[in-house]
Amino acid sequence: MDFLPSLAVIATFTFAAGVLIITPGPDMTLFLSRTLTQGRAAGLAAMLGATSGLVVHTMLAAFGLSALLAASPKAFLAVKIVGALYLLYLAFQAIRRGSALTLDTSLRSRQPLVKSWLAGFGINLLNPKIVLFFVTFLPQFISVNDPHACAKLAFLGSYFICLGVPSCAAMVLAADRVSATLRRSRKISRAIDWLCASIFGAFAFRILLARGQ
């Protein structure tokens, strides 16, 4: 099956994706807030909306980056190098600013589930950081000489989503405990920050050091 990366790549990607999934961000803030204010159904709807946004970005990244690779491997490599620099920036920001989880619990009136879904969809679809993430993170696992880049990019993006859905659903079902732990435990928050920064930095240096090969 040409769309499958090697087992070593999948193992590395699984570890990195797992850390990124549990790192607090705007989407996690949204579906935990909706869960605490409007119930688990609203939280799950927001989570599925955010997941739908990731599906769109996966397809755009897979076809867009693979088209760039087909047109110019050097241009694709340039994108990876720029992405590596961006990952270094994210690593610096994770250490400097940390992962803030600010839950909005002021809105307690029930809203249609479709509104929660649309909120989740919009927060990922329209977030430029999500675009940059998919453009910078996924290509780190694809060789510039890979003729099956499009299929592998699509697989990795889909695999990332499959890893994230059960984890995020578990967070929604245990929203009170998860949100309290992330907000109150400084040690856990900083451990996530440093782990995430280490992963960002490792992938950045990996591509920067390999660019001349």
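Rules behind the numbers
- Residues numbered from 1 in each chain as written.
- Predicted model: local features only at pLDDT ≥ 70, side-chain atom pairs only at ≥ 80, totals over all residues.
- Heavy atoms only, no water.
- Helix = DSSP H or I, 4+ residues; strand = E, 2+ residues; numbered from the N terminus.
- Buried < 20%, exposed > 50% of the residue type's maximum accessible area, 1.4 Å probe, protein only.
- Contact = heavy atoms within 4.5 Å.
- Areas by Shrake-Rupley, 256 points an atom, 1.4 Å probe, with all protein chains shown as cover.
- Phe/Tyr/Trp six-rings, centres within 6.5 Å; stacked < 30°, edge-to-face > 60°.
- Axes fitted to C-alpha atoms, helices over the stretch in contact; angles between N-to-C directions.
- Parallel < 35°, antiparallel > 145°, perpendicular 65-115°, else oblique.
- Left-handed = near helix turned anticlockwise from the far one by under 90°.
- Nonpolar A, V, L, I, M, F, W, Y, C, P; charged D, E, K, R; others polar.
- Expected span 1.5 Å × (residues − 1).
- pLDDT = per-residue confidence, 0-100.
- Core = buried A, V, L, I, M, F, W, Y, C linked by side-chain atoms within 4.5 Å.
- Patch = residues over 30% accessible without salt bridge, like charges linked within 9 Å, V, L, I, M, F, W, Y side chains within 5 Å.
- Salt bridge = Lys/Arg side-chain N within 4 Å of Asp/Glu carboxyl O.

As for the overall build of the protein
For the protein, the helix and strand inventory stands at 9 helices and 0 strands. Listed N to C, the secondary structure of the protein is α-α-α-α-α-α-α-α-α in terms of helices and strands. Expressed as a percentage of its 213 residues, the buried residues of the protein come to 46%. Sequence-distant contacts in the protein: of pairs separated by 6 or more residues, those separated by 24 or more amount to 87%. For the protein, the exposed surface amounts to about 10,800 Å²; the carbon and sulfur share of it is 68%.

Focus on the packing of aromatic side chains
For the structure shown, the criterion picks out 4 aromatic pairs. Judged by centre distance (5.1 Å) and plane angle (10°), the rings of Trp117 and Phe121 are stacked. On the criterion of helical spacing, the pair formed by Trp117 and Phe121 is a turn pair, its members being 4 residues apart in helix α5 (residues 113-125). For Trp117, a relative accessible area of 30% corresponds to the partly exposed category.

Considerations on the packing of helix α1 (residues 7-22) against helix α7 (residues 149-173)
Contact pair α1 / α7: the axes reach a minimum separation of 10 Å and the direction vectors enclose 40°. When the axis of α1 is compared with that of α7, the two are oblique. Here α1 and α7 pass one another in a crossing that is right-handed. Between α1 and α7, the residues in contact are Ile10, Phe13, Thr14, Ala17, Ile21 and Ile22 and Phe155, Leu156, Tyr159, Phe160, Leu163, Gly164, Ser167, Cys168 and Met171, respectively. The residue inventory of the contact of α1 with α7, partitioned by class, reads 12 nonpolar, 3 polar and no charged.

A few points about α1
The end-to-end C-alpha distance of α1 is 23 Å, a good match for the 22 Å that 16 residues give at a rise of 1.5 Å each. Those residues of α1 that sit buried are Val9, Ile10, Phe13, Ala16, Ala17, Val19, Leu20 and Ile21.

Topic: the confidence of the model for the protein
Taken residue by residue, the protein gives an average pLDDT of 78. The fraction at 70 or more is 79%. For the protein, per-element mean pLDDT is lowest for helix α8 (residues 175-184), which scores 68, and highest for α7, which scores 89.

Considering the nonpolar core
Soluble globular proteins tend to pack their nonpolar side chains together in the buried interior. By size, the foremost hydrophobic cluster in this structure holds 47 residues, and its most contacted members are Phe13, Phe31, Phe134, Phe137, Leu138 and Phe160. Counting residues per element, the ones that place at least two in this core are α1, α2 (26-38), α3 (40-71), α4 (73-97), α6 (128-137), α7 and α9 (186-210). By residue number, the principal contributor to this core is α7, which donates 11 residues. What Phe13 contacts, discounting residues up to four positions off in sequence, is Phe137, Leu138, Phe141, Leu156, Tyr159 and Phe160.

Quick notes on the environment of Ser72
Inspection of the secondary structure puts Ser72 in the loop between α3 and α4. For the pair formed by Ser72 and Val144, sequence separation is 72 residues and the distance between their alpha carbons is 9.4 Å.

Looking at a nonpolar patch on the surface
Judged by side-chain polarity, Leu48, Val114, Trp117 and Leu118 come together as a nonpolar surface patch covering roughly 350 Å² of accessible area. Tallying contributions element by element places α5 first for the nonpolar patch, with 3 residues.

Section: the environment of Lys74
Among the secondary structure elements, Lys74 is positioned in helix α4. A relative accessible area of 72% places Lys74 in the exposed class. C-alpha of Lys74 to C-alpha of Val144: the two residues are 70 residues apart in sequence and 8.1 Å apart in space.

Notes on the packing of α2 against α5
Interhelical geometry of α2 versus α5 gives an angle of 165° and a closest axis separation of 9 Å. Taken together, the axes of α2 and α5 are roughly antiparallel relative to one another. Like other packed secondary-structure pairs, α2 and α5 cross with a definite hand, here right-handed. On the side of α2, the interface is formed by Pro26, Asp27, Leu30, Arg34 and Gln38, while α5 contributes Lys115, Ser116, Ala119, Gly120, Ile123 and Asn124. Here the residues of the contact of α2 with α5 are counted per class, giving 4 nonpolar, 4 polar and 3 charged.

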